[in-house]
Amino acid sequence: MKTFITTIFALALTATIISAGNIGGSGVEIGESVPDFTLPDAAGEVHTLSEYDDKYIVLEWLNHDCPFVRKHYDTGNMQKLQARYGEKDVVWFTIISSAPGKQGYLEPDEALAITREKEAKPFALLLDPEGDVGRAYGAVVTPHMYVIKPGGTLAYMGAIDDNPSANPDDVEGARNFVSEALDNLLDGRSVEVTTRQPYGCTVKY
Amino acid sequence: MLPRKNKTPLKPTLAWILLAGFCSTGLPMQTLVGHSGTAIAQTLFQANPEASDPENRVDVTFITEESRISESGETLWIGVHMEIQDGWHVYWRNPGDSGLPTRINWEANELLDPGDIHWPYPSRFDEDGVTTYGYSDNVTLLVPAHIRESTDRTTAQLISADLNWLVCKDICLPESAQLMLETDSDGSLLSFSESARGKIKDSKSRLPESSESWSAAASLENGTFKLTVISRDENANIPDPETIYFFPYKQGVIEHTSPQRTTRSADGLEIEMQASRYLGSEISELQGLLYSEDGWLGDRMLNALEITFPVN
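Residues numbered from 1 in each chain as written. Chains lettered and ligands numbered in written order. Predicted model: local features only at pLDDT ≥ 70, side-chain atom pairs only at ≥ 80, totals over all residues.

Draft legend 1. Representation of the overall build of chain A. If you tally the helices and strands in chain A, you get six helices and 10 strands. Per-residue burial for chain A yields a buried fraction of 47% across its 205 residues. Of the contacts made within chain A by residues no fewer than 6 positions apart, 77% connect residues no fewer than 24 positions apart. (Helix = DSSP H or I, 4+ residues; strand = E, 2+ residues; numbered from the N terminus. Buried ≥ 20, exposed ≤ 12 C-beta atoms within 10 Å, placed from the backbone. Contact = placed C-beta atoms within 7 Å.)

Draft legend 2. Quick peek at the overall build of chain B. Secondary structure summary: chain B contains three helices and 17 strands in total. Across the 312 residues in chain B, those meeting the buried criterion constitute 43%. Counting contacts in chain B only where the partners sit at least 6 residues apart, residues at least 24 apart contribute 73% of the total.

Draft legend 3. A look at the confidence of the model for chain B. Residues and elements named next belong to chain B. For chain B, per-residue confidence averages 83 on the pLDDT scale, and 81% of positions sit at 70 or higher. Taken element by element, chain B is modelled with least confidence in helix H2 (residues 27–47), mean pLDDT 32, and with most confidence in strand E13 (residues 244–248), mean pLDDT 98. Contacts from residues 1–52, a stretch scored under 50 in pLDDT, to residues over four places away or in other chains number 80 contacts. In the predicted complex, the global pTM is 0.81; the interface-specific ipTM is 0.78. (pLDDT = per-residue confidence, 0-100.)

Draft legend 4. Just helix H3 (residues 77–86) of chain A, in detail. Residue and element names in this part refer to chain A. All buried positions along H3 are accounted for by Met78, Leu81, Gln82 and Tyr85. For H3, the buried positions fall inside an angular range of 100 degrees around the axis, keeping them on one side. Buried residues along H3 sit in contact with strand E3 (57–61), helix H2 (67–74), strand E4 (91–96) and helix H6 (177–186). (Arc of directions from axis to C-beta.)

Draft legend 5. Highlighting H2(A). Listed in full, the buried residues belonging to H2(A) are A:Pro67, A:Phe68, A:Val69, A:Lys71 and A:His72. Positive phi shows up at A:Gly76, right after H2(A), with a value of about 80 degrees.

Draft legend 6. Examining the environment of B:Ala196 more closely. All names here are of chain B. Take Ala196: it is sitting in helix H3 (residues 194–205). On the basis of neighbour counts, which here come to 21 C-beta atoms within 10 Å, the residue Ala196 falls in the buried class. For the pair Ala196 and Thr140, spaced 56 residues apart in sequence, the C-alpha separation works out to 9.7 Å. Those residues in contact with Ala196, other than ones at most four positions away along the chain, are Ile63, Thr64, Glu65, Gly79 and Ser191.

In structure tokens form, the structure reads like this:
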């Protein structure tokens, strides 16, 4: 009996370390090159990150059923950012890494429909049902945000703003690190805040 | 060798926490619940985003350990008792990689002046490469309320509060409740019962405490924190290294998923852990609680040692 229980503990411990390695051990670093990837968007067009090498790029991890994501979409905050920086030639990729059957997963036609319904304005909504891209970037939560400079180096990663809450009333007055980083970069300055612990729902790999 | 208390043959602490994490939120659970559980919960949430009480996954009540309000100048401990549905959990002051701590907004009150939440030590949940800290089954959060000078202590409704919390399984739902601390006509607190007294006593025993018997220091090199705790007197009980886990009070300081390696030193312990990718450039101290099933003191059981590590 004791051996059996000890074995279960050992298995639990092993599984934990392995699963931790999948995300916690990987990821990207500020100032370093980001991993390239190729993913289809909801309309079926295929995008390769390095094809946008001459542009500023935003990656936004999405799960429309997550209360923290709803906070930023129900208030129109995320759509506003997508539109504002889209006009400034920033390539904004929204990425869904939810696995089929898990919360937030969408078939391509559902993804198109909900993007229209929410009046979201990303450059493209990318589908990553295998979760490979999410894991490569160490995306842990939704929304988890990344800002990439021309040439493919990482300029910001982490939380969208400084108010970790699910309350839509907290959008106003929060310090938005994504718009701040983009404004810094577009003004030719260096990014003041390069990382902030992200908050949200776990990505449903 | 200092005396060790409650030494159990299975060295269960960390393993229990890990196993608890797996049963509550981990992979086996997801496999069992899978699709249908997700679908049902999602439907409820979408139909009614501000779920009314009967639909909440957490039932919250105020409890007190005393039957009456005592004298002015003293403290009334208000327990926020949360009964959590199977498989779901709520969060500690540092929720870890995701989640949110429970929040309480007290209405301004003439008799009682509630302080910050005192958080009993949490459990650790590991799921899909994400580590969070919180509570499953049930927990009693504790709020010390200073009793003010007040002419009116006969009021039936003493104080009210809005509570907000996030409850998660494979998905997360924000829930809320409005609670009232009330008395009956002869001034007895309705929140009191013998079982309430027991729950508060139990929760108090789980609160972290600092101790004169231990000193601490830390260094940060190449993205790794090395924490050192040193026993300062005979009352310090050096626990088995395998029973130890450091819960940081703030997010973004350590990599929550990374394994913590604890080794015995001559007069204490050394614990190594990976610094967070989100750690800013300067950090002068690292604060949190060191949990051990064995306990940290010789003369009484203290599982959660509150420590501030100055960082060199």
